[in-house]
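So the chains spell out like this:
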Amino acid sequence: MEQTSQKNHVARVYVLLAVDLLSIIISYVLAVIVRFGIADLQVRKVMHYMICFCFMLFCTIFGLFMDWNRDFSKRGYLVELSMVIRNNLIMFVTVGCFLFLIKQAEFFSRLLFGYFAIFNVLFTYILHVIIKKLMRKYLRSENGKVRVMLVLEKEGLAETVAEIQQNLQINYEISAIAVLDMEEKEEECNGIPIIANRSSLMEEARQLPLDEVFIKAEKENTASLRAMIQDFETMGVLCHYSIDIIEWHDKESSIGKFGSHTVVTYSLYSVDYGRRLIKRLMDIVGGIVGLLITAVFTPFIAAAIKLDSKGPVFFSQIRIGKNGRRFKIYKFRSMYVDAEKRKQELMDKNEMKGLMFKMEDDPRITKVGRFIRKTSMDELPQFYNVLKGDMSLVGTRPPTEDEFKQYSLYYRRRLCMTPGLTGMWQVSGRSDIEEFEEVVKLDLEYIDNWSLGLDIKILFKTIWVIFTGRGSK
């Protein structure tokens, strides 16, 4: 099923991308004609080419890497409209900001922008509805339909069939079931005819209109399974064998090679290469911009730190990064130089339940330190860690070595992602959180629901938190 699914996925992605690009071209041309007249397309063609290209470039990047159409065939028409409006809004804001940065926005009429937005939402939605109807019609047609036979065992039969029926794509039709260890004749299961047992399997399968077969036979011996799979291959039928060794609903699994061995790989956290690349590019750009900002503020912060207390301007500490890697984190010093030694004396005053230490009126923090902590200026040097790749702009909180030594297996999962300069817990009122379990919960929520859109949302929330001072003490 994976091969067919992948083919459908690729076809869907590129067909919809072509449709979206066509909609942009038509909408932009119409918007120019309505606003300025058809002659303007020739008079200012270079500007129009450049602006239209920006919209098409964004659409291509967003469509290929964000894969916002992945549930296209299943989602309803109202959901489709909301998705089209949302993604067009993101495109308009992004391209508008880009045109402003390159000083081209002044040449771009706001009324033209409005006409283009209306036309593009309208045409994109209409074209998506047409494609959706055609796609559904084809997938349910005789040529688009994929006929599958299930080869199962009696134990858990109804549950397995129901689960497969619920999760199959709309073009899959289960035409028959074979129950290997069936002795007494049964007519059907969940409305699907049971046509064979182990002895009659291949004879019955040979007579069926059959594209693919799914096998789940945990009690069957290896030799019997190998022979069964080879028989289906000889027939030219695509054969899937279930390897659900671990019953864990939210896992990601894939088949691949480890050395010379074929393996199934299980993971709770899996991100495709394209989105990882975009996240890293965002970190590099953000790291460079952040270091430029740091360079501007450093002379003033350094002077204030030196005048306020003895010691270095910068503070460094070993932290635990992705999957247990050690790295040195950098900050502007906000505490007295003996802060680490005095921490043990203050442990009985810890206001955080769990592995973190937090104290509202911490006597180790200097006067300047309180200000730069409240404004998050103490963390500006961490942009160097972001640029190096030790950290990301958005991620989980990097623990200290002392905290890491006390981690359970559950806590350890926080480290399956690169730690961040900001994250879910930082924008959720970090001064109000009093339990380490809550920090872990927010970090795991971020990992389980990660997307580039979520990163952007957290970055904007972080800016809001910094300027309002909410949740930062």
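Quick notes on the rules
- Residues numbered from 1 in each chain as written.
- Predicted model: local features only at pLDDT ≥ 70, side-chain atom pairs only at ≥ 80, totals over all residues.
- Heavy atoms only, no water.
- Patch = residues over 30% accessible without salt bridge, like charges linked within 9 Å, V, L, I, M, F, W, Y side chains within 5 Å.
- Areas by Shrake-Rupley, 256 points an atom, 1.4 Å probe, with all protein chains shown as cover.
- Salt bridge = Lys/Arg side-chain N within 4 Å of Asp/Glu carboxyl O.
- Lys, Arg positive; Asp, Glu negative; His and termini not counted.
- Charge placed at Lys NZ, Arg CZ, Asp CG, Glu CD.
- Helix = DSSP H or I, 4+ residues; strand = E, 2+ residues; numbered from the N terminus.
- Buried < 20%, exposed > 50% of the residue type's maximum accessible area, 1.4 Å probe, protein only.
- Pairing = 2+ DSSP bridges.
- Phe/Tyr/Trp six-rings, centres within 6.5 Å; stacked < 30°, edge-to-face > 60°.
- Lys NZ or Arg CZ within 6 Å of the ring centre and 35° of its normal.
- Arc of directions from axis to C-beta.
- Core = buried A, V, L, I, M, F, W, Y, C linked by side-chain atoms within 4.5 Å.
- Contact = heavy atoms within 4.5 Å.

1. Here's the deal with a negative patch on the surface
Okay, so step 1: Taken together, Glu435, Glu437, Glu438 and Glu445 make up a surface patch of like negative charges.
Okay, so step 2: Inspection of the secondary structure assignment puts Glu438 in helix 15 (residues 436-448).
Okay, so step 3: Owing to a relative accessible area of 33%, Glu438 belongs among the partly exposed residues under this scheme.

2. Quick word on the sheet that holds strand 5 (residues 212-215)
Okay, so step 1: The mixed open sheet is built from 6 strands, whose spatial order is 3-4-2-1-5-6. Since the sheet does not close on itself, it has two edges, and those belong to strand 3 (188-189) and strand 6 (238-241), each with one partner.
Okay, so step 2: Pairing analysis gives 2 bridges linking strand 2 (residues 172-179) to strand 4 (residues 192-196), with the strands arranged parallel. Across the sheet, the residue bridging to Ile177 is Ile194, located in strand 4.

3. What to know about the packing of aromatic side chains
Okay, so step 1: The full count for this structure, using the stated rule, is 12 aromatic pairs.
Okay, so step 2: Aromatic pair Tyr407 and Tyr411: ring centres 5.7 Å apart, planes at 70°, arrangement edge-to-face. Of the two residues, Tyr407 and Tyr411, both sit in the buried class.
Okay, so step 3: Judged by relative accessible area, Tyr411 falls into the buried class, the value being 13%.
Okay, so step 4: The rings of Tyr28, Phe55, Phe92, Phe113 and Phe116 are connected pair by pair, giving a single aromatic cluster.
Okay, so step 5: Taking the ring centre of Phe36 as reference, the NZ or CZ of Arg44 above it sits at 4.7 Å.
Okay, so step 6: Over the ring of Tyr77 we find Arg136; its NZ or CZ atom is 5.6 Å from the centre of that ring.

4. Describing unusual backbone geometry
Okay, so step 1: One non-glycine residue, Asn323, adopts positive backbone phi at about 55°.
Okay, so step 2: Despite not being glycine, Ser376 has its phi angle at roughly 65°, a positive value.

5. What to know about helix 11 (residues 367-374)
Okay, so step 1: Those residues of helix 11 lying buried are Val368, Gly369 and Ile372. For helix 11, the angular spread of the buried residues around the axis is 100°, confining them to a single face. Among the exposed residues of helix 11, those oriented more than 90 degrees off its buried face are Lys367 and Phe371.
Okay, so step 2: Following helix 11 by one or two positions, Ser376 adopts a phi angle in the positive range, close to 65°.

6. A word on the nonpolar core
Okay, so step 1: Counting residues in each nonpolar core, the largest one holds 40 residues, and the members touching the most others are Ile301, Ile305, Phe332, Ile372, Tyr446 and Ile458.
Okay, so step 2: Those elements that provide at least two residues to this core are helix 9 (273-308), strand 10 (326-332), helix 11, helix 12 (382-388), strand 11 (392-394), helix 15 and helix 16 (452-468).
Okay, so step 3: No other element matches the 7 residues that helix 15 contributes to this core.
Okay, so step 4: Apart from residues lying up to four places away in sequence, Phe332 is in contact with Thr294, Thr298, Ile301, Ile305, Val313, Phe314, Phe315, Ile372, Met377, Asp378, Leu380 and Pro381.
Okay, so step 5: Core analysis: the second largest hydrophobic core is formed by 22 residues, Phe55, Cys59, Met91 and Ala117 among them.

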